[in-house]
Amino acid sequence: MKRIAAAALILATAPAWAQSGRPPLDPAVLRMQVVLDKLGFGPGILDGRGGQSLTNAIKGFQESRGLRVTGTPDAATLDALRRYANVRPTMEVTLDAAAMRGPYVPVMPEDYAEKAKLQSMAYSRPLEKLAERFHTTPQVLAELNPGVTTIAVGSKITVPNTFPTSRAYPADATPAWRATLASLNVEAAVPQAAKIVVDKSDGILGVLDANGKLLAQYTATIGSSRDPLPLGNWKVLHVSPNPDWKMNPKILKGVPDDKQAQIIPPGPNNPVGVVWIDLSKEHYGIHGTSEPQQIGRAQSNGCVRLTNWDAARVALMVKGGTPVLFQA
């Protein structure tokens, strides 16, 4: 695959928010999102705008701090967040060769048989890779960098501050998994989960300690009307970093049974993202996604789907045997 040395950063002459009809990026909201993201209360895409994922993150933070759970940045919540006032919401970075390095798949085939022939389900371009590294979208990077038209090695750009406090990933992690975690700016200093609770009605995944205290929380895409969440008590069997994915028409609704099964190679744009947390309920898992902007909006094939960076962080918090509750 030909390596791409540069990529368009601004997609049109008008600001991205104006094209979409969305309100402009609010620096105060972006600051709150960055702090919550660092604390493990995932607000989804870091875009400087409100939404259900941010509301969920605020609720999780409030619960964890013993505050009244409102989902709004009330006075008590803002006061609790002020202790993290030293956290910079954005950083200027200089792109090096590693940041721009592929491989890339500029045009992803739709047919599963063609996807199976790829070396990897890689990013489409450097800008997509950078967006995931900084837990945002190419459009938000464009908004943060008005006037920048191209990026290349040596370019200086402003990005959301997703840099972790530690990259001391588990010693038994493979080099490939460590590289994935580092590429996604996943925090290594995370607590160990005593239990995972997936709440269908609220659309969230919570990480609890042994006393039932909420340690972290993420908005999730949870099942669908066609593939409802299998309520009950399960457990983590194992964690599979950088997994391939078997497209099995016999169990995948919406795919004709006469289609041939295919093994889709690993990569950030694999249908299950960068990690698969296998559960004791057959064919079910907690995993990443190739479409982070759809988390909490689109439906899934019954599993629990998170952004790649959130799924990777949860993967560091669980181990074989960790209890998982699916509740309504």
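Check the entry above for the structure.
All values reported here derive from a predicted model rather than from experimental measurement.

The rules behind the values
- Per chain, the residues get numbers from 1 upward, laid out in the order the sequence is written.
- For this predicted model, a pLDDT threshold of at least 70 governs which residues receive local features, and a threshold of 80 or more governs which side-chain atom pairs are given and counted, while totals over whole chains, interfaces and linings are taken from all residues.
- Only hydrogens and water are set aside when side-chain values are computed; all heavy atoms of the structure are taken into account.
- Counting from the N terminus, the helices are the DSSP runs of H or I reaching at least four residues and the strands are the DSSP runs of E reaching at least two.
- Relative accessibility under 20% of the residue-type maximum defines a buried residue, over 50% an exposed one, and the middle range a partly exposed one, all with a 1.4 Å probe and only protein chains included.
- Note on contacts: a residue pair qualifies if any of its non-hydrogen atoms lie within 4.5 Å across the two residues.
- In plain words, nonpolar cores are sets of buried Ala, Val, Leu, Ile, Met, Phe, Trp, Tyr and Cys residues tied together by side-chain atoms within 4.5 Å.
- A helix is expected to reach a length of 1.5 Å times the quantity of its residues less one.
- Ring geometry is summarised as follows: Phe, Tyr and Trp rings, the Trp one being its six-membered ring, pair when their centres sit within 6.5 Å, and such pairs are stacked at plane angles under 30 degrees, edge-to-face over 60 and tilted between the two.
- The convention is simple: Lys and Arg are positive, Asp and Glu are negative, and His and the chain ends are not counted.
- Whenever Lys or Arg places a side-chain nitrogen within 4 Å of a carboxyl oxygen from Asp or Glu, that contact is recorded as a salt bridge.
- Think of a polar contact as two N or O atoms within 3.5 Å of one another; within protein, one of them needs to be a possible hydrogen donor and the other a possible acceptor, and neighboring residues in sequence only count if both atoms come from side chains.

**Comments concerning the environment of A328**
One can find A328 in the segment after β16 (323-327). Among the residues examined, A328 registers a relative accessible area of 56% and is labelled exposed. Once the C-alpha coordinates of A328 and L231 are considered, the two residues, 97 residues apart in sequence, prove to be 6.9 Å apart. What A328 contacts, discounting residues up to four positions off in sequence, is D199, K200, S201 and L231.

**Topic: the nonpolar core**
Among the nonpolar cores identified, the biggest contains 39 residues, and W177, I196, L205, V304 and V314 are the most heavily contacted of them. At 7 residues, the largest contribution of residues to this core is made by helix α10 (residues 308-317). Those residues within four positions of L205 in sequence are excluded, and the remaining contacts are I196, V197, V198, A216, Q217, Y218, I286, V304, L306 and V314. Counting residues in hydrophobic clusters, the runner-up holds 23 residues, among them F41, V87, L208 and L325.

**Let's talk about helix α3 (residues 52-64)**
In this model, α3 (13 residues) spans 18 Å end to end at C-alpha, consistent with the 18 Å of a helix rising 1.5 Å per residue. Of the residues making up α3, those classed as buried are S53, L54, N56, A57, I58, G60, F61, Q62 and S64. Those residues of α3 that are buried lie in contact with α2 (27-39), β2 (41-42), α4 (75-81), β7 (204-208) and β8 (214-219). G66 sits one or two positions beyond α3 and adopts a positive phi of about 70°.

**Some remarks on the packing of aromatic side chains**
The description of two aromatic rings rests on the distance between their centres and on the angle between their planes. For the structure on display, the rule yields 3 aromatic pairs. Ring geometry for F41 versus F61: centroids 6.3 Å apart, planes at 85°, classification edge-to-face. Placement of the pair is F41 in strand β2 and F61 in helix α3, with a sequence separation of 20 residues. For the pair F41 and F61, one class covers both residues: buried. Each ring, one from Y112 and one from W245, has its centre 5.8 Å from the other, and the planes form 55°; the classification is tilted. Within this pair, whereas Y112 is found in helix α6 (residues 112-115), its partner W245 is found in strand β11 (residues 245-247), the two being separated by 133 residues in sequence. Y112 gets classed as partly exposed once you look at its relative accessible area, which sits at 26%.

**A closer look at the side chain of E132**
By the secondary structure assignment, E132 is in helix α7 (residues 126-133). Look at E132: it is buried, it has no salt bridge, and the nearest opposite charge is R133 at 9.5 Å. A polar side-chain atom of E132 sits 3.2 Å from a polar atom in the side chain of N308.

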